[in-house]
Amino acid sequence: MSISHLLWGNNSTYSLNENMNLPITTQSPGVQYAQIVSDEQWYIFQVVNVVVISGLLSLFGVASNIINIVVFAKQGFQDSMNISLMGLAVADLCSLLTMIWISICMNPLFYNSELPFDSTDISYLTGSAPHVLFVKIATFITAFITFERCLCIAVPLKVKTIITPGRTKIIIISIYITITILIIPFFLGHRFEWVFDFTRNATILKSTYTAEREMLEVISFLTLGVFATTFSFVFVICCTIVLIVKLNSKTKWRLATAAKSDRAAGGVGVKDQKVVKMVTFIAVIFIVCAVPPTLLFFYMLIDPSFRFFGVYQNLYLVIWTSSFLTETVNSSVNIFVYLKMSSRYRAVFMKTFWNAEEK
């Protein structure tokens, strides 16, 4: 359900409240749950935030990223920035598709129906895990894009020889492969099995655990959760600060030397400055949306009781599903940045979709 629940596993069992049909978690032995957020409040938040808002926003995001992919494909892959943005759009699309599946599995109409599987368990492996995977891939691609633009500012005459289209393709593919490898330990600790459910009096498909689950989940949590999240977040912040500072200084320099050629003086051209502005907006959106999950990862390291099976279970679920919403926003709104700040993207978009509708 949440990122850290995915990585730390589920030590609780589920039952239904007879009056409201709520998914209630029964506490593990020795654990006293603090009712800061009641089961009813969590139920309402789950439906409103995850099922309705995140679900509908994910549908929009899927459509917008499909449009992005079509536009980037029509632009071609001779430009390294276009290749990176295509890789980002694919990762965002996949993360939103998994978010739609999560919202379906958390819909009361879905999990209260007579299904031959446990939708909560199934969503962990088929929804939450892939969602984390593609969010982290998109994060590292964003970090690479901001770094590439920093090079454009620092060494404008050499950047095209340093970051070539071929090297960019290799880097993007390597990001996909590396992040996938980091999440493999989590999958090795889980498996699907047909288990008899006494509450339903039927055999259903559920996820079970291997003997090495706890060790494997700690590996995934530390590498993919803590290290990858912290490194990419700090890296994007640093690159964004450099971009903003350098862009402002270059803008002042251009105004002071308007009669001279930027290229002749070794400055950054108008086209490159527009791209830098666009990348800066993308990075700022990412930073704002990534603050909640990043801070929560740090808090989880400080407070071991803040877990899915900890003493503040419902509060934990509310906070982490809120981070799902910010991740969904981050994956859905890039199309507005492209339309506003990229004349090339806007031209291809209008030719492909607007003119097509008129015909």
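Residues numbered from 1 in each chain as written. Predicted model: local features only at pLDDT ≥ 70, side-chain atom pairs only at ≥ 80, totals over all residues. Heavy atoms only, no water.

Using the following cut-off: UniProt positions are given in the numbering used here, feature names are shortened, and annotations may be inferred rather than shown by experiment.
Per an unreviewed UniProt entry, the protein chain carries the name Adenosine receptor A1-like and comes from Aplysia californica. UniProt annotates the protein chain under Subcellular location (unreviewed entry) with the comment "Membrane".

A few points about the packing of helix α3 (residues 80–105) against helix α7 (residues 165–188)
Just so we agree on the cut-off: Think of each axis as a best-fit line through the C-alpha atoms, taken over the contacting stretch in the case of a helix, with angles from 0 to 180 degrees between the N-to-C directions. Only DSSP runs of H or I covering at least 4 residues are called helices, and only runs of E covering at least 2 are called strands; the numbering of each starts at the N terminus. Each angle is binned into one of four classes, with values under 35 degrees roughly parallel, values over 145 roughly antiparallel, values of 65 to 115 roughly perpendicular, and all other values oblique. Take the far helix as your reference; a near helix turned counterclockwise from it by less than a right angle gives a left-handed crossing, and one turned clockwise gives a right-handed crossing. Here, two residues are considered to be in contact whenever any of their heavy atoms come within 4.5 Å of each other. When residues are grouped by polarity, Ala, Val, Leu, Ile, Met, Phe, Trp, Tyr, Cys and Pro land in nonpolar, Asp, Glu, Lys and Arg in charged, and all others, Gly among them, in polar.
Interhelical geometry of α3 versus α7 gives an angle of 20 degrees and a closest axis separation of 8 Å. With respect to α7, the axis of α3 lies roughly parallel. Where α3 crosses over α7, the handedness of that crossing is right-handed. Together, Ser 80, Ile 83, Ser 84, Gly 87, Val 90 and Ala 91 of α3 and Pro 165, Thr 168, Lys 169, Ile 172 and Tyr 176 of α7 make up the contact between the two elements. Partitioning the contact of α3 with α7 into residue classes produces six nonpolar, four polar and one charged.

Describing a positive patch on the surface
Where we set the bar: Like charges within 9 Å and nonpolar side chains (Val, Leu, Ile, Met, Phe, Trp, Tyr) within 5 Å are joined into patches, using only residues over 30% in relative accessible area that form no salt bridge. With residues, only the protein chains shown are counted as cover, and all accessible areas are computed by Shrake-Rupley using a 1.4 Å probe. Here a salt bridge means any side-chain nitrogen of Lys or Arg lying within 4 Å of a carboxyl oxygen belonging to Asp or Glu. Charge convention: Lys and Arg are scored as positive, Asp and Glu as negative, and His as well as the terminal groups of each chain are ignored. To locate a charge, the coordinates of NZ of Lys, CZ of Arg, CG of Asp or CD of Glu are taken.
Positive charge collects at one region of the surface, where Lys 274, Lys 277, Lys 340 and Arg 346 lie side by side. Turning to its location among the elements, Arg 346 is positioned in helix α12 (residues 343–358).

Notes on the packing of helix α2 (residues 39–75) against helix α11 (residues 334–341)
Two elements in contact, α2 and α11, have axes whose closest approach is 9 Å; the angle formed by their N-to-C orientations is 45 degrees. When the interaxial angle is binned, α2 and α11 end up oblique. On the side of α2, the interface is formed by Phe 60, Ser 64, Ile 67, Asn 68 and Phe 72, while α11 contributes Ile 335, Phe 336 and Tyr 338. Its residues assigned to classes, the contact of α2 with α11 comprises six nonpolar, two polar and no charged.

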